[in-house]
Amino acid sequence: QQQQQQQQTFVGTVTTRHSEYALRVVEQSSANARVSRDGGESILATVTTGRTDVGDPSIAFTTDEYALVGTVAQDGSIQGRVVDSRRQVLGQFRLHPEQQSVP
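Remember, predicted model here, so these are calculated numbers, not experimental data.

Got a minute to help me understand the environment of Gln 99 in this structure?
If you trace the backbone, Gln 99 turns up in the segment after β8 (89-97). For Gln 99, a relative accessible area of 57% corresponds to the exposed category. For Gln 99 and Ser 30, which are 69 residues apart along the polypeptide, the C-alpha to C-alpha distance reads 20 Å.

Can you walk me through the packing of aromatic side chains in this structure?
In this description, a pair of aromatic rings is defined by centroid distance and the angle of the planes. A full pass over the atoms with the stated rule returns zero aromatic pairs. For the cation-ring pair, Arg 37 lies above Tyr 21, with the distance from its terminal atom to the ring centre recorded as 3.6 Å.

Mind showing me how you'd approach the sheet that holds strand β1 (residues 8-16) here?
Either a parallel or an antiparallel arrangement is found when strands of a sheet pair, and the pairing is made through backbone hydrogen bonds. Strand order in the closed barrel made by the eight strands is β1-β2-β3-β4-β5-β6-β7-β8, with antiparallel pairing throughout. The mean angle between the axes of side-by-side strands here comes to 30°, regardless of whether they run parallel or antiparallel. Alignment of β1 against β8, held across seven bridges, turns out to be antiparallel. Among the inter-strand pairings, Thr 15 is bridged to a residue of β8, identified as Gln 92.

Sorry, what's going on with the pattern of salt bridges here?
Any two side chains of opposite charge can pair, so long as their charged atoms come close to each other. Applying the stated criterion across every chain yields a total of two salt bridges. Here Arg 24 ties to Glu 98 by a salt bridge, and the two come within 2.8 Å at their closest N and O atoms. Here Arg 24 is found in strand β2 (residues 20-27), whereas its partner Glu 98 is found in the segment after β8, with 74 residues between them in sequence. Of the residues examined, Glu 98 reaches a relative accessible area of 24% and is grouped as partly exposed.

Is there a simple way to explain the side chain of Thr 9 in this structure?
On the secondary structure map, Thr 9 appears in strand β1. Residue Thr 9 is classed as buried on the basis of its relative accessible area of 9%. For Thr 9, the residues in contact, after removing those within four places along its chain, are Arg 24, Val 25, Val 26, His 96, Pro 97 and Glu 98.

Can you walk me through the nonpolar core in this structure?
Counting residues in each nonpolar core, the largest one holds 17 residues, and the members touching the most others are Leu 23, Val 25, Val 35, Phe 61, Leu 68, Phe 93 and Leu 95. The set of elements that each furnish at least two residues to this core consists of β1, β2, β3 (32-37), β4 (43-51), β5 (57-62), β6 (66-72), β7 (78-84) and β8. Considering each element in turn, this core owes the most residues, three residues, to β2.

It is not clear to me how the pairing of β3 should be interpreted in this structure. Could you clarify?
Here is the key point about a regular strand: its side chains alternate between the two faces of the sheet. Of the pairings in the sheet, the one linking β2 to β3 comprises five bridges and is antiparallel in character. What sits directly across from Arg 24, in β3, is Ser 36. The antiparallel hairpin formed by β2 and β3 contains four residues in its connecting segment. Where β3 lies against β4, four bridges are found, and the strand directions are antiparallel. Looking across to β4, one finds that Val 35 is bridged to Ile 43. Linking β3 to β4, which pair antiparallel, is a turn of five residues; within it Asp 38 sits at a positive phi near 50°.

Rules behind the numbers
- Residues numbered from 1 in each chain as written.
- Predicted model: local features only at pLDDT ≥ 70, side-chain atom pairs only at ≥ 80, totals over all residues.
- Heavy atoms only, no water.
- Helix = DSSP H or I, 4+ residues; strand = E, 2+ residues; numbered from the N terminus.
- Buried < 20%, exposed > 50% of the residue type's maximum accessible area, 1.4 Å probe, protein only.
- Phe/Tyr/Trp six-rings, centres within 6.5 Å; stacked < 30°, edge-to-face > 60°.
- Lys NZ or Arg CZ within 6 Å of the ring centre and 35° of its normal.
- Pairing = 2+ DSSP bridges.
- Axes fitted to C-alpha atoms, helices over the stretch in contact; angles between N-to-C directions.
- Salt bridge = Lys/Arg side-chain N within 4 Å of Asp/Glu carboxyl O.
- Contact = heavy atoms within 4.5 Å.
- Core = buried A, V, L, I, M, F, W, Y, C linked by side-chain atoms within 4.5 Å.

See the structure below:
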């Protein structure tokens, strides 16, 4: 049986002290994703999944400049913090799975 790799796409927003912008994350595999902000150029991110202290599923999308570190909710949405390479919190983000077929 051929296992089809489902590309999952998340859309949402990042909110920082100074701005808010649109975010799009395309998970290309269990290890890699492409992250783009405000519809601009997408950059490669490493995907890390695990568990938080309380056992909730966690996920991180890490690029060269920053990381999106969040918790996966029951409905598949992700929310968490945006941190830079020095672990400074830059803002927060919310993502939800993009609806492929909207009625």
